[in-house]
Amino acid sequence: MDLKITKTRTPKPLPDDSKLGFGQIFTDHMFNMDYNPEQGWHDARIEPYGPIVMDPATMVLHYGQAIFDGLKAYRTGSGNVQLFRPQQNMSRMNRSAQLLCIPEIDEAFALKALKKLIAIEHDWVPRAQETSLYIRPTIVAMDPYLGVRPSHTYRFFIILSPVGAYYPEGFNPVKIWVTDKYVRAVRGGLGEAKTPANYAASLLGAEMAKEAGYTQVLWLDAVEQRYIDEVGTMNIFFVVDGELVTPPLGGSILPGITRDSVLALARLWNLPVSERNIAIDEAVAAHKTGALQEIFGSGTAAVISPVSHLAWKDEVLVVGDGAVGPIAQRFYDTLTDIQYGRVEDPFGWIVPIEKA
Ligand SMILES: Cc1ncc(COP(=O)(O)O)c(C=O)c1O
């Protein structure tokens, strides 16, 4: 498929790298591609960033038939730009597409288009310490129709946003709130897809956690409300008696690419690892005996997010001594060192991008 390129005639000034937040500023160009049953995916183009005009009846606005993904481009100390495991995001898009009845994309072509877009926007990848260019590929249902069925037409777009360091004041632990009142996703539902419904379902619980003075919600399984699923928008890891334990990919949690990278590093380092169900009661019991050494979340935004406090029913567990644990620190340092090109990448995860 051809990729048509139209450059903007009114480029925006680059933002100040030291003042970047998250997802508020967008680059000069975006990728767009359309789908209809006659032509399949067609009209792939990179063009000036701009609004998508929609009929008020457009299906995505009513029934949420949409998927997205999230990854980052990093600038190395020598000024090069690189992506971290972008093929994984493209294949996760297709797994999400299957669950949402959205036609699959050609992963190799989508990756090629993404690389071209980043090459064009090379200067937008910020240079300040631990900043990056956040990449948001999205597919939305476009039929103007109010009946409930999968749409016949779709738009796939990719937008880019320079983002600040996740830990501007240094690598800090978070306090999390375990809820047995709200659930995020259930096995057999959409939990393992990256789709807006899961994020809509998480809003009220997250607000309640904030009201109680916590940063994130820890979601339990939606059937028994007993087994740990994930935390906020991250997968979760426990270090119990020297073993790294994380819930298995059972259908209700997102298969995180950071999660997979943590597991790969743990195996490389010969750390004992187990992907198995962990009941919240087991975590509490391990805390009582002193076996629970660390808890941390993993995800593209924070990379690793150590947990200092866990609130469950009437108890607040202080994990370790409330400071960042050595295992969380080692994963954070190694992953960010690979992403920012400070160490050799032992897995072939890095995809360099030349400036266009
Ligand atoms: C619900 C949820 N779980 C886990 C993750 C972590 O996935 P990844 O490591 O691919 O960013 C994310 C973020 O992308 C998420 O939104």
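Up top is the structure these notes are about.
All values reported here derive from a predicted model rather than from experimental measurement.

Calculation criteria
- Residues numbered from 1 in each chain as written.
- Predicted model: local features only at pLDDT ≥ 70, side-chain atom pairs only at ≥ 80, totals over all residues.
- Heavy atoms only, no water.
- Phe/Tyr/Trp six-rings, centres within 6.5 Å; stacked < 30°, edge-to-face > 60°.
- Helix = DSSP H or I, 4+ residues; strand = E, 2+ residues; numbered from the N terminus.
- Buried < 20%, exposed > 50% of the residue type's maximum accessible area, 1.4 Å probe, protein only.
- Lys NZ or Arg CZ within 6 Å of the ring centre and 35° of its normal.
- Right-handed = clockwise from strand over helix to strand, strands pointing away.
- Pairing = 2+ DSSP bridges.

S.K.: Account for the packing of aromatic side chains, with residues named and values stated.
M.R.: Centre distance and the angle of the planes are the two values used to describe a pair of aromatic rings. Tallying each qualifying case throughout the model produces 17 aromatic pairs. Where Phe 171 meets Tyr 332, the ring centres are 4.1 Å apart and the plane angle is 15°; that geometry is what we call stacked. Within this pair, whereas Phe 171 is found in the loop between β8 (154-163) and β9 (174-179), its partner Tyr 332 is found in helix α7 (residues 326-339), the two being separated by 161 residues in sequence. Residue class for Tyr 332 comes out buried when judged on its relative accessible area of 11%. The structure contains a cluster of three or more aromatic residues connected by ring pairs, namely Phe 31, Tyr 35, Trp 41, Tyr 154 and Phe 156. One residue, Lys 12, lies across the ring of Tyr 49, its end atom 5.1 Å from the ring centre.

S.K.: I'd like to hear about unusual backbone geometry, residue by residue, with values.
M.R.: Located in the positive-phi region is Arg 85, a residue other than glycine, with phi close to 50°. Counting through the fold element by element, Arg 85 comes out in the loop between β6 (81-84) and α2 (86-99). Looking at Arg 85, the relative accessible area reads 9%, which means it is buried. For Gln 225, which is not glycine, the phi torsion reads 50° and is therefore positive. As for its position among the elements, Gln 225 is in the loop between β10 (216-220) and β11 (228-231).

S.K.: So, the pairing of β10: which residues are in play, and what are the values?
M.R.: Most of β10 is tucked away, with five of its five residues classed as buried. In β10, alternate side chains face the same way, and those of Gln 216, Leu 218 and Leu 220 on one face and Val 217 and Trp 219 on the other are all buried. Viewed along the sheet, the connection from β9 through helix α4 (residues 196-211) into β10 turns out right-handed. Relative to β11, β10 is paired through three bridges, and the arrangement is antiparallel. Across the sheet, Leu 220 pairs through a bridge with Ile 228, a residue of β11.

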